[in-house]
Amino acid sequence: MPATVHLLKLSVGTESVEDLAAWQTAQAPRWPEGMPRHVTRMWPRREAEVLNGGSIFWVIKGLIQARQRIARLDRVTGQDGIERCAIVLEPGLIRVQTTPKRPFQGWRYLAPGDAPADLPASRAAEDPLPPELAGALAEIGVI
């Protein structure tokens, strides 16, 4: 059985986890089955590992802040006739320990050992810290 690998992706234009959740909710009627998806030009070469329990970790304002489990990968054809990969996600964002991440393009693989841990259920409902403060605290290892 293949190992598990996650994907790391910038959520461009998103201000907060709540912002990403609201955008996904608003877009749900457009998606088959109402399941969120992210469409990308590249197909993951490590498809079997991604589909073996992988998640997409969202970088918001320079910080890894949430993740979503990857349900499947669908082939979709754009209006330009080019085939792309739709990363189909399970609904609902899972907050993770805030971790700084420098900007990058596209998506990256993330080994399970390098992935931030999920926040305990007791902390998931807390008001989030401002991104600048959360980033500074994460950099010095406080959170």
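Residues numbered from 1 in each chain as written. Predicted model: local features only at pLDDT ≥ 70, side-chain atom pairs only at ≥ 80, totals over all residues. Heavy atoms only, no water.

Colleague: Hey, could you run me through the pattern of salt bridges in this one?
Modeller: Per the counting criterion, the structure on display carries nine salt bridges. Of the charged contacts in the structure, one is a salt bridge between Glu 15 and Lys 61, with a shortest N-O distance of 3.3 Å. Of the two residues, Glu 15 sits in the loop between strand E1 (6-10) and helix H1 (17-27) while Lys 61 sits in the loop between strand E3 (55-60) and strand E4 (63-77), which places them 46 residues apart along the sequence. A residue is classified by how much of its surface remains accessible, and Lys 61, at 42% relative accessible area, is partly exposed. Arg 75 is paired through a salt bridge with Glu 83; the nearest N and O atoms lie 3.3 Å apart. (Salt bridge = Lys/Arg side-chain N within 4 Å of Asp/Glu carboxyl O. Helix = DSSP H or I, 4+ residues; strand = E, 2+ residues; numbered from the N terminus. Buried < 20%, exposed > 50% of the residue type's maximum accessible area, 1.4 Å probe, protein only.)

Colleague: Explain the pairing of strand E5 (residues 83-89) here, please?
Modeller: Successive side chains on a regular strand alternate, one facing one side of the sheet and the next facing the other. When you tally the buried positions in E5, you get five out of seven residues, the bulk of the element. Direction of pairing for strand E2 (residues 37-40) relative to E5: antiparallel, over a ladder of four bridges. In the strand pairing of E5, Val 39 is matched with Ala 86. Sheet topology note: the E4/E5 ladder contains seven bridges and is antiparallel. Across the sheet, the residue bridging to Asp 74 is Ala 86, located in E5. Connecting E4 to the next strand, E5, in antiparallel fashion are five residues, including Gly 81 with a positive phi near 85°. (Pairing = 2+ DSSP bridges.)

Colleague: Explain the confidence of the model for the protein chain here, please?
Modeller: In the predicted model, the protein chain carries a mean pLDDT of 88, and the fraction of residues at 70 or more is 84%. The secondary-structure element of the protein chain with the lowest mean pLDDT is helix H4 (residues 131-139), recorded at 61, while E3 shows the highest, at 97. (pLDDT = per-residue confidence, 0-100.)

Colleague: Looking at this model, I keep getting lost on the layout of surface pockets. Mind explaining?
Modeller: Over the atoms, a rolling probe the size of a water molecule traces out where space has been left empty. In this structure, the second largest pocket encloses a volume near 220 Å³. Around the second largest pocket, the lining is made up of 16 residues, and of these Ser 11, Val 12, Thr 14, Leu 20 and Trp 23 lie nearest the centre. Contributing elements (two or more residues each) for the lining of the second largest pocket: E1, H1 and E2. Looking at the lining of the second largest pocket, the element that brings in the most residues is H1, giving four residues. (1 Å grid on protein atoms, 1.4 Å probe; cavity = no way out; pocket = protein on both sides within 12 Å on 5 of 7 lines; lining within 4 Å. Points joined across faces, edges and corners; volume = space filled by probe spheres on them.)

Colleague: Explain the environment of Leu 7 to me, please; I cannot follow it from the model alone.
Modeller: For Leu 7, the position within the fold is in strand E1. Distance from Leu 7 to Arg 67, taken between C-alpha atoms, is 9.4 Å for residues 60 residues apart in sequence. The contacts of Leu 7, once residues within four sequence positions are left out, are Val 50, Ser 55, Ile 56, Phe 57, Ile 70, Ile 87, Trp 107, Arg 108 and Tyr 109. (Contact = heavy atoms within 4.5 Å.)

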